[in-house]
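Fold and geometry: a report
Listed below, chain by chain, are the residues.
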Amino acid sequence: MKIIFLLSIWGFFTVILFRWAPKELDTSVVTVMPKEILEQYMVESNDAVKITLQGAIDEGKSRENVPTIDVRVEWRDSSTNQTIHSSDIWNVYLLKDPDGYGESSKIFRMSDKDRNEVDLVVFLESKSDSPISLVMVTDFKPIVTSYALLYAALLLVGFYVLIALELTDHTFAALLMANTGLAIITALGNRPSLSTIMSWVDIETLTLLIGMMIIVGIMSETGVFDWLAILAYRISKGHSWPLVYLLGIITAIMSCILDNVTMLLLMGPIAIRLCEAVKVQTPLVLLVVVMYSNLGGALTPVGDPPNVIISTNEEVVKSGINFPVFVMHMLPGVICSMLVAAPFFYLTMRNKMFRLTHEQIRASAYREASRRRLTAEVAERATMIRNSYMPRKARIRPAGNYFETLAFLETHYGIQDTPLLVKCLIVLTITVLGFLLHPLPFMSGGTLGWVSILGAILLIILARRKDIRSVLIHVEWAALIFLAALFILVEIVDRLGLIHWLSDQTVSVIVSVNERHHTLVAIILILWITAILASIVGNVPVTTMMLKLILDLANNKKIKVSLSPLVWSLTYGACYGANGTLFGSTANIVGAAIARQYGYRLTFLQFSRYGLPLTIITLLIVTAYLLIAHVVFSWHKS
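Residues numbered from 1 in each chain as written. Predicted model: local features only at pLDDT ≥ 70, side-chain atom pairs only at ≥ 80, totals over all residues. Heavy atoms only, no water.

**A word on the pattern of salt bridges**
- Inspection of the entire model under this criterion finds nine salt bridges.
- Of the charged contacts, one joins Lys127 and Asp70 as a salt bridge, the two residues approaching to 2.9 Å between their closest N and O atoms. In this pair, Lys127 is assigned in the loop between β8 (118-126) and β9 (132-139) and Asp70 in strand β4 (residues 68-77), connecting sequence segments 57 residues apart.
- The partly exposed category is assigned to Lys127, whose relative accessible area is 38%. (Salt bridge = Lys/Arg side-chain N within 4 Å of Asp/Glu carboxyl O. Helix = DSSP H or I, 4+ residues; strand = E, 2+ residues; numbered from the N terminus. Buried < 20%, exposed > 50% of the residue type's maximum accessible area, 1.4 Å probe, protein only.)

**A look at the packing of aromatic side chains**
- Throughout the structure, instances matching the rule amount to nine aromatic pairs.
- For the pair Phe344 and Phe345, a centre-to-centre distance of 5.6 Å together with 65 degrees between the ring planes defines the contact as edge-to-face. The same class applies to Phe344 as to Phe345, namely buried.
- Aromatic ring contacts, followed pair by pair, group Trp241, Tyr245 and Tyr346 into a single cluster.
- The ring of Phe108 has Lys106 sitting right over it, with the charged end atom 5.9 Å from the ring centre. (Phe/Tyr/Trp six-rings, centres within 6.5 Å; stacked < 30°, edge-to-face > 60°. Lys NZ or Arg CZ within 6 Å of the ring centre and 35° of its normal.)

**Quick word on the packing of helix α7 (residues 240-257) against helix α9 (residues 282-297)**
- The contact between α7 and α9 brings their axes to 7 Å, and the two run at 30 degrees. Considering only the axes of α7 and α9, their crossing is right-handed. In contact with Val244, Tyr245, Leu247, Gly248, Thr251, Ala252, Ser255 and Cys256 of α7, α9 contributes Val285, Val288, Val289, Tyr292, Ser293, Gly296 and Gly297.
- Here the contact of α7 with α9 is composed, by residue class, of nine nonpolar, six polar and no charged. (Axes fitted to C-alpha atoms, helices over the stretch in contact; angles between N-to-C directions. Left-handed = near helix turned anticlockwise from the far one by under 90°. Contact = heavy atoms within 4.5 Å. Nonpolar A, V, L, I, M, F, W, Y, C, P; charged D, E, K, R; others polar.)

**A few points about the environment of Gly223**
- Summarising the element assignment, Gly223 is placed in the loop between α5 (203-220) and α6 (224-236).
- Beyond its immediate chain neighbours, meaning those up to four positions away, Gly223 contacts Gly414, Ile415 and Gln416.

**Quick word on the nonpolar core**
- Phe159, Phe225 and Phe345 are the most contacted members of the largest nonpolar core, which totals 174 residues.
- A total of 12 residues in this core trace back to one element, the largest contributor, which is helix α19 (residues 477-495).
- Among all residues touching Phe225, those that are not within four sequence positions of it are Val216, Met219, Ser220, Met254, Leu258, Met263, Leu266 and Met267.
- Among the nonpolar cores identified, the runner-up in size contains 24 residues, and Ile51, Val92, Leu124 and Met136 belong to it. (Core = buried A, V, L, I, M, F, W, Y, C linked by side-chain atoms within 4.5 Å.)

**Notes on the pairing of strand β3 (residues 48-55)**
- Burial of β3 is extensive: six of the eight residues sit out of reach of the surface.
- The sheet contact formed by β3 and strand β7 (residues 102-109) spans eight bridges and is antiparallel. Note on β7: the bridge partner recorded for Gln54 is Glu103.
- Sheet topology places β3 next to β9; five bridges connect them, and they run antiparallel. Within the sheet, the bridge partner assigned to Gln54 lies in β9 and is Val135. (Pairing = 2+ DSSP bridges.)

**Concerning the environment of Thr27**
- Examined against the element boundaries, Thr27 turns out to sit in strand β1 (residues 26-32).
- Remark: the alpha-carbon pair of Thr27 and Leu53, spanning 26 residues in sequence, is separated by 9.9 Å.
- For Thr27, the contacting residues outside a window of four places in its chain are Val135, Met136 and Val137.

Put into structure tokens, the structure is as follows:
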């Protein structure tokens, strides 16, 4: 049944994509003289047309004393030349800088469906004191079917079904649904060219992730992450709860600088080894580490894939949101959430943390039998650690097997290549400085993606890597393909009108309240809608979809809401909503995969039992924080 289902999906989009070729849109350059009206007669006509104007166009809200181009479309009877239908006027606001660039689109529809032998005329009226040249792209077959929203919803539901029922892995599910979406818009007469499809993929985001994956991968070869885990064991003196908290805090802090997916790949195996050493339930500890990675990764633009998608968006960057500003606004909520998470885990897990399951006992016994025995070197080191221990100065008494376990860990793990670690730290420092300084005028070309990839190239040079294949093995290509497919899928969903529909519904709720409460309502709606959807579908696809939504809200003339508080609501909702279910983020899936690799099970119900309450608690905290910061004190206006 699984093969039949997947083959049905494949057959659907294969037949349609083979049947219809990509559609070329009508593109022309129009020049409108000052205070004049330009008439453009269209060769092809339809009951709907989508007009896209490109040039010195202001994509934001309307502003006073700004020149405009007023666009209107008429359908005329071919024989009598009488106007059958005339559209409303579309005001396109222009940039004061003639060298600027922007793009704006609108779909015009004819109310009278009888379109036999009609001509289509586009009127462009200039309200500028100087000539305006624009690129006009005309689409005579836009997607305006009443079933478009249903198709978009089915795409998202199908994507979730493929993942939830584990019919295939995440990357392949995204590829299948992206191709299915292309087949749907092709059947509706709107198939894009391959170059257009590739333009939907945010290369800046992928470049940032590739660079950081290479840096983290090379750094992992030094053994520094093993050393951090050993340090946590030494500080906790082998006691379970201090060790669990330290592992979570280390993961959260490192996830701020390095992406949380990579951190779990590095911290997961050593966390399992420490869990078996202190005799605590491994799946629960992995769950704590995963959730702390989602909480900590929310702090910076590079800590979590949703943050990368948001911070590299062109409109977000233009609004003045850069690396330091991002961290400054996210820091209070992240700190409060992490402080609350610690007692939450203790209160909900304290009765189950030491109940070892049969699978853990078997898996631990198997690895203990195959593990290297205590050598003379380990025994000697254990004696040295025991002799150096000073009970009077110690605040925490060590656990029973503390000295032997610590000796074993320090003998077989820890720093393996100090010179390479120094080089990695130098490159990482330069890269972080680049993230911090890129908004300054002298680094206007140093975007986050370029800083990341240039840092990776610098480390490759310093590490003297002669074979590039040894570097590329650190790149999670499946994760990058997953993101690229999601960008395409969300763009298709957008073209089918689902995001615009969500925007209209959100706007209708916001305008129903008093104007001074617009920001308050918008923050609550974006935060909680994003979190709920992220828990169900996953935070990466939801982020790409909701990012378009908040940009629409910020540019909507009916409401007065700044983009900044919407960005923070989206970021918190995506990162914290990921803790709701096992499918909330890629980091969650990686944690479950690591558990399965070592003989443990981290189930959907087990994850949700702790994740959903934590998600609700942390969302209540950041809701209060955002309302105080942006409604009471209007931080975004300062």
